[in-house]
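A look at the structure
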Amino acid sequence: MKKIILLFIPLLITVISCSDNNEIIRPSELPAYTIMIYAHGGELDSLLFETVKDLYNYGSTDKVNVTMQIKMSKEYQGKEDIQLINDHKGIVRYVLPENGQKVGMEKIGNVEDPFSTSEKLTEFILWSKEKCPAQNYILVMWGHGTGWNYDSDCVKGCLPDDNRDDELLTNVDLARAIRESGVHIKVLDFYCCSMARMETIFEFGETVDYTRTSNEPITGNGHETAELVKLIDESLNKSAPSDELIESVWTSYLKKLNEFWEKAMPKVQISAAFTDLRKLQPLMAATKEFKELLIRSYAAEKERIDAATCACYRCLGNSDEPQDDHEYDIVDYALQVSIKLQSTNPELSAKFAGIHEKLRNAAANAEVYRIENEDKKKVFANRLSYGILLTNKSGYEAWQQKGYSLLSFEAVSGWSQWLKTNEQMPVGNPCPFVDLIREPFVGNWESELGDGWISRVSFFESQDYSEFEYEKANPDNKRKELTARWFEVTGSEGKINLEYEENEEKRTREILVTVDDERTELTLKEISGSQESRIYKKLPD
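All values derive from a computational prediction rather than experimental measurement. (Residues numbered from 1 in each chain as written. Predicted model: local features only at pLDDT ≥ 70, side-chain atom pairs only at ≥ 80, totals over all residues. Heavy atoms only, no water.)

Across its full length, the protein holds 16 helices and 23 strands. A total of 541 residues make up the protein; the buried ones form 54% of that total. Considering only intrachain contacts with a sequence separation of at least 6, the fraction spanning at least 24 residues in the protein is 67%. For the protein, the accessible surface area stands at approximately 24,400 Å², while carbon and sulfur atoms represent 46% of it. (Helix = DSSP H or I, 4+ residues; strand = E, 2+ residues; numbered from the N terminus. Buried < 20%, exposed > 50% of the residue type's maximum accessible area, 1.4 Å probe, protein only. Contact = heavy atoms within 4.5 Å. Areas by Shrake-Rupley, 256 points an atom, 1.4 Å probe, with all protein chains shown as cover.)

As structure tokens, this is what we get:
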């Protein structure tokens with residue numbers, strides 16, 4: 001009897017295809033990373049154009065591939081001033097080529113078609129993996145982040161589609177899209193405002209290793225995403241793909257973003273963080289303990305806990321009315337409860353102080369890096385952390401709550417139990433982002449000279465910045481114009497860019513604004529040209 005020996009050789013093949021050929025290679029030869037950018041322009045279209053141009057100029061490399069799926073707002077469809085996307089209409093996706101080669105753009109939908117849905121994001125992730133298989137995958141969500149949408153099941157998310165009545169990709173939708181793609185995400189980078197929230201970071205479970213989020217408006221001017229690709233690519237020249245490489249890259253990235261803000265708005269507090277989601281369990285446990293002690297203590301210590309509810313840091317939301325933001329720093333909240341109880345109930349105060357310590361240490365342990373500024377910390381001394389939904393019983397029960405009940409964070413922490421117990425709406429809470437920039441020059445100021453220079457200025461507050469209106473006197477008429485927003489504001493001095501037209505050309509004048517200690521006299525001095533200056537007296541309110 002002959003022995004027949006069958007030799008089974010395991011054969012693992014992968015098709016890499018960031019081109020059209022089907023080249024069979026070993027997994028170890030795959031590019032280190034594929035960066036998948038899912039972007040909606042909305043009113044950020046011009047910023048997205050800058051991002052796309054920069055990415056196109058850098059392109060994919062042999063180590064890092066970049067895929068994109070983009071939808072602009074209706075008015076930007078087919079805009080002619082972008083060489084890369086002159087025919088950018090509807091929903092398009094493509095792989096960025098190397099060395100500025102022509103993009104093979106694929107139109108997959110019209111502007112009226114869905115974009116911000118879990119199904120569409122899942123399709124994009126799977127398409128990216130098919131086109132550009134890699135050892136690791138990074139997903140960048142590019143666009144607006146939102147506060148809580150109370151009229152639509154109490155949901156929070158990103159990329160509201162202005163072409164479809166602000167249809168939103170909720171946190172739950174986003175987590176579902178990643179989960180159903182079956183693709184493990186190394187980094188989920190939110191180039192979106194206001195996503196550093198407990199309800200956001202806890203949603204991704206075992207499908208994502210790291211997130212980058214911000215408590216405030218996202219830092220940037222449109223050029224940062226290409227800088228991130230460059231940092232990853234250059235780092236791979238020195239080391240193999242690893243968690244250490246990723247953590248080093250995003251630490252450098254956040255430092256660069258902070259440098260941008262330090263130059264543009266030095267008085268603004270920014271608290272972006274890069275978080276290891278695999279280290280969140282102690283933070284969840286401390287949050288649950290905090291909720292339970294709040295509920296047990298509330299009847300006996302309502303007055304002081306209510307005072308703490310109105311004293312903890314408010315994160316910047318997306319509402320013109322501070323009381324509608326409903327997002328507050330959880331670590332500082334526990335600290336404020338402890339402080340308010342110190343004089344009357346030191347034993348209970350100590351318990352809340354212990355929970356505060358657990359929350360602070362757990363957050364710090366999960367954070368690979370957080371932007372912090374020593375000068376700003378002198379004003380807002382307590383360490384900023386993650387936001388959490390905070391409202392009172394009547395407020396929460398008036399909302400459609402289905403969306404909040406679906407969150408992984410709510411399922412484990414039961415945080416809504418505290419929201420249904422608390423009777424105090426947060427009012428007058430300090431806000432690190434807003435409070436530092438609202439002081440300087442609110443009011444109306446007038447010059448005694450009527451010589452054609454700026455004769456009157458009015459400064460007023462908007463949601464994010466101070467703005468101003470000016471009236472210019474000349475022989476023919478008086479005109480009022482609204483300038484660009486404030487930059488480089490301090491307590492007694494600010495610098496503004498005054499935009500205007502002259503001989504059908506757009507021009508900008510830089511003007512230094514200073515105010516005296518009594519806030520009664522203000523000086524405007526042009527620093528970009530003539531060096532002219534004028535003194536203005538404050539008018540009665």
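Another point: the packing of aromatic side chains. Under the criterion given, the structure shown has 13 aromatic pairs. Considering the side-chain rings of Tyr38 and Phe124, the 5.5 Å spacing of their centres and the 40 degrees angle between planes classify their relative orientation as tilted. Of this pair, Tyr38 sits in strand 3 (residues 33-40) while Phe124 sits in helix 2 (residues 118-131), placing them 86 residues apart in sequence. Both residues of the pair, Tyr38 and Phe124, count as buried. Seen from their ring centres, Trp250 and Phe274 are 5.3 Å apart, and the 5 degrees between their planes marks the pair as stacked. With Trp250 in helix 6 (residues 243-264) and Phe274 in strand 12 (residues 273-276), the pair connects residues that are 24 residues apart, well separated along the chain. The pair formed by Trp250 and Phe274 is uniform in burial state, with each residue classed as buried. Members of the aromatic cluster, connected to one another through ring pairs, are Tyr38, Phe115, Phe124 and Trp127. Just above the ring of Tyr210 sits the side chain of Arg278; from NZ or CZ to the centre is 4.9 Å. One residue, Arg370, lies across the ring of Tyr386, its end atom 5.2 Å from the ring centre. (Phe/Tyr/Trp six-rings, centres within 6.5 Å; stacked < 30°, edge-to-face > 60°. Lys NZ or Arg CZ within 6 Å of the ring centre and 35° of its normal.)

What follows concerns the packing of helix 9 (residues 330-341) against helix 10 (residues 346-366). Axis separation between helix 9 and helix 10 bottoms out at 8 Å; the angle between their running directions is 165 degrees. Between helix 9 and helix 10, the crossing angle belongs to the class labelled roughly antiparallel. Viewed along their axes, helix 9 and helix 10 form a crossing whose handedness is left-handed. Of the residues in helix 10, those touching helix 9 at Ile330, Val331, Ala334, Leu335, Val337, Ser338 and Leu341 are Pro346, Leu348, Ser349, Phe352, Ala353, His356, Leu359 and Arg360. Counted by class, the contact of helix 9 with helix 10 contains 11 nonpolar, three polar and one charged residues. (Axes fitted to C-alpha atoms, helices over the stretch in contact; angles between N-to-C directions. Parallel < 35°, antiparallel > 145°, perpendicular 65-115°, else oblique. Left-handed = near helix turned anticlockwise from the far one by under 90°. Nonpolar A, V, L, I, M, F, W, Y, C, P; charged D, E, K, R; others polar.)

Right, let's get into the state of the cysteines. A complete count under the given rule lists zero disulfides for this structure. Its sulfur unpaired, Cys312 is 8.2 Å from the next cysteine sulfur, which belongs to Cys310. (Disulfide = S-S within 2.5 Å.)

The next point concerns the pairing of strand 7 (residues 136-142). Each regular strand shows side chains that alternate between the opposite faces of the sheet. With respect to burial, strand 7 is a largely interior element, seven of its seven residues being buried. On strand 7, burial covers both faces: Asn136, Ile138, Val140 and Trp142 on one face and Tyr137, Leu139 and Met141 on the other are all buried. Sheet topology places strand 3 next to strand 7; seven bridges connect them, and they run parallel. When the bridges of strand 7 are listed, Tyr38 appears paired with Met141. Note: strand 7 against strand 10 (residues 185-191), five bridges, orientation parallel. For Ile138, the partnering residue across the bridge sits in strand 10 and is Val187. (Pairing = 2+ DSSP bridges.)

A full pass over the atoms with the stated rule returns 24 salt bridges. We note a salt bridge from Asp173 to Arg176, for which the minimum N-O separation is 3.1 Å. Here Asp173 pairs with Arg176, and both are found in helix 3 (residues 171-181), just three residues apart, close to one helical turn. When its relative accessible area of 17% is taken as the criterion, Asp173 is described as buried. The class of Arg176 is partly exposed, set by a relative accessible area of 26%. Residues joined by salt bridges that share partners form a network here, namely Lys186, Asp209, Asp243, Asp276 and Arg278. (Salt bridge = Lys/Arg side-chain N within 4 Å of Asp/Glu carboxyl O.)

Right, let's talk about the packing of helix 2 against helix 3 for a bit. Between helix 2 and helix 3, whose axes approach to 8 Å, the crossing angle comes to 40 degrees. Crossing handedness for the pair helix 2 and helix 3: right-handed. Here Ser118, Leu121, Thr122, Ile125 and Leu126 of helix 2 come into contact with helix 3, specifically with Asp173, Leu174, Arg176, Ala177, Ile178, Glu180 and Ser181. Here the residues of the contact of helix 2 with helix 3 are counted per class, giving six nonpolar, three polar and three charged.

Our focus in this paragraph is unusual backbone geometry. With phi around 55 degrees, Asp165 is a residue other than glycine that occupies positive phi space. Structurally, Asp165 can be placed in the loop between strand 8 (157-161) and strand 9 (167-170). The phi angle at Asp166 is positive, at roughly 60 degrees, despite the residue not being glycine. By the element assignment, Asp166 lies in the loop between strand 8 and strand 9.

Once that is clear, we can look at the confidence of the model for the protein. The pLDDT averaged across the protein works out to 78; a share of 69% of its residues lies at or above 70. In the model of the protein, strand 1 (residues 14-16) stands out as the element of lowest mean pLDDT, 36, in contrast to helix 7 (residues 281-297), which has the highest, 98. Per-residue pLDDT stays below 50 along residues 461-467; that stretch engages in 32 contacts with residues further than four places along the chain or on separate chains. Within the model, pLDDT remains below 50 along residues 473-490, and this stretch shows 56 contacts once partners closer than five positions in the same chain are excluded. (pLDDT = per-residue confidence, 0-100.)

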